[in-house]
Amino acid sequence: MQRFKPGMVLRDRYQLKSVLGRGVMGQVWQGRDLYLDRPVAVKTIAAELLAVPRSRDEALARFKREAQAAARLGHPNITTVFDASITDDTCCLVMELIEGTTLEHLFDQHEDGRFDVPSAAAVAAQLCSGLSAAHAAGLVHRDLKTQNVMVRRDGVVKILDFGLVKLLADTDPRLTMTGEGIGNILCASPELLSGGNELDGRSDLYAVGCLLHHMLTGETPFASDQPALLASHHLSSPPPAISDSDIPDDLRELVTALLAKHPDDRPSSAVEVYATLARYLPDPNPVLATRRARPEDPRRPFLVPQGPWPV
């Protein structure tokens, strides 16, 4: 297999600079589009993950279909896909490079790991805004987690990896669990863990519930460092109630509803969840929305949340 290294140029156009992150399925590189002279993010995935067990032609067609679907989303809260390709050694996805930080890192910036209510509502609302567009296009993320949520320096929340996760899991179902660490199933819905064939957007809403619970309490819904035990909790343990009286009742009820074991017992859509969160969003700041001064501090963004689409 091809070994990637700084300075390598893919497709005679995308130069790899440095590794931004690594995962079970590949690497994310900071790169540069030499043709347009702009920074990009390049996700490289080993071609062997696309070749088992189906034919290469089918894998190519599926990769192209998923990449095209993700590229057509064109939503402020979803990372823009610029290009995609498969070579003999690897497949790659070229995306916008986001200047900011992951939601995972933002948790580390808070002393008790908790967000205030407006900040938590703004993150969850922007996630729902992006999810509403993706679900309307027939895409389910399947792997929404703190590492797949980026917060730009101006406060805009970006969802990473739409389409790609589903593609790889469909190619080889073992990838949904093989080699996964705790972080990969912290927000996994019961129907995803049980191997249900028909997942819809309500699986992603379960993940939003996990993230919202984490932001409001500083703790994940089910604390365990054992993947099998954590999966068991998602499948059968009642969702933990939020007891903090400083958190409004309807937000606590929303989290409980999002963490329902059966999809029919959850809110029906991302737009419905957004509507509940809307009253807790930070007050719009028109000065911030138009200011062209230096970027906001990424530790306190969430000041100009996006609205959902479609309404």
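Residues numbered from 1 in each chain as written. Predicted model: local features only at pLDDT ≥ 70, side-chain atom pairs only at ≥ 80, totals over all residues. Heavy atoms only, no water.

The chain is annotated in an unreviewed UniProt entry as non-specific serine/threonine protein kinase of Actinacidiphila glaucinigra.

Caption draft 1: Expanded view of the overall build of the chain. What the chain contains, in helices and strands, is 10 helices and nine strands. The buried share among the 311 residues of the chain stands at 50%. When the accessible surface of the chain is totalled, it reaches about 14,900 Å², and 49% of it is carbon and sulfur. (Helix = DSSP H or I, 4+ residues; strand = E, 2+ residues; numbered from the N terminus. Buried < 20%, exposed > 50% of the residue type's maximum accessible area, 1.4 Å probe, protein only. Areas by Shrake-Rupley, 256 points an atom, 1.4 Å probe, with all protein chains shown as cover.)

Caption draft 2: The arrangement of the sheet that holds strand β9 (residues 157-159) in detail. Taken in spatial order, the three strands line up as β7-β8-β9 in an open sheet, and their pairing is antiparallel. Two strands close off the open sheet at either side, each with one partner strand: β7 (100-102) and β9. For this sheet, the mean inter-axis angle between neighbouring strands, taken without regard to orientation, is 30°. Alignment of strand β8 (residues 149-152) against β9, held across three bridges, turns out to be antiparallel. In the strand pairing of β9, V149 is matched with I159. With respect to the sheet, helix α3 (residues 117-136) is in contact with β8 and β9, its orientation differing from that of β9 by roughly 45°. (Pairing = 2+ DSSP bridges. Axes fitted to C-alpha atoms, helices over the stretch in contact; angles between N-to-C directions. Contact = heavy atoms within 4.5 Å.)

Caption draft 3: Spatial organisation of unusual backbone geometry. Despite not being glycine, D37 shows a phi value in the positive range, around 55°. On the secondary structure map, D37 appears in the loop between β3 (26-33) and β4 (38-46). Phi angles above zero are rare outside glycine, and R142 is one such case at about 80°. Within the secondary structure, R142 sits in the loop between α3 and β8. Judged by relative accessible area, which is 18%, R142 ranks as buried.

Caption draft 4: View of the UniProt feature "binding site: ATP" (unreviewed entry) in the chain. Those residues carrying the UniProt feature "binding site: ATP" (unreviewed entry) are K43 in this numbering. Within the secondary structure, K43 is located in strand β4. (UniProt positions renumbered as here; feature names shortened; annotations may be inferred.)

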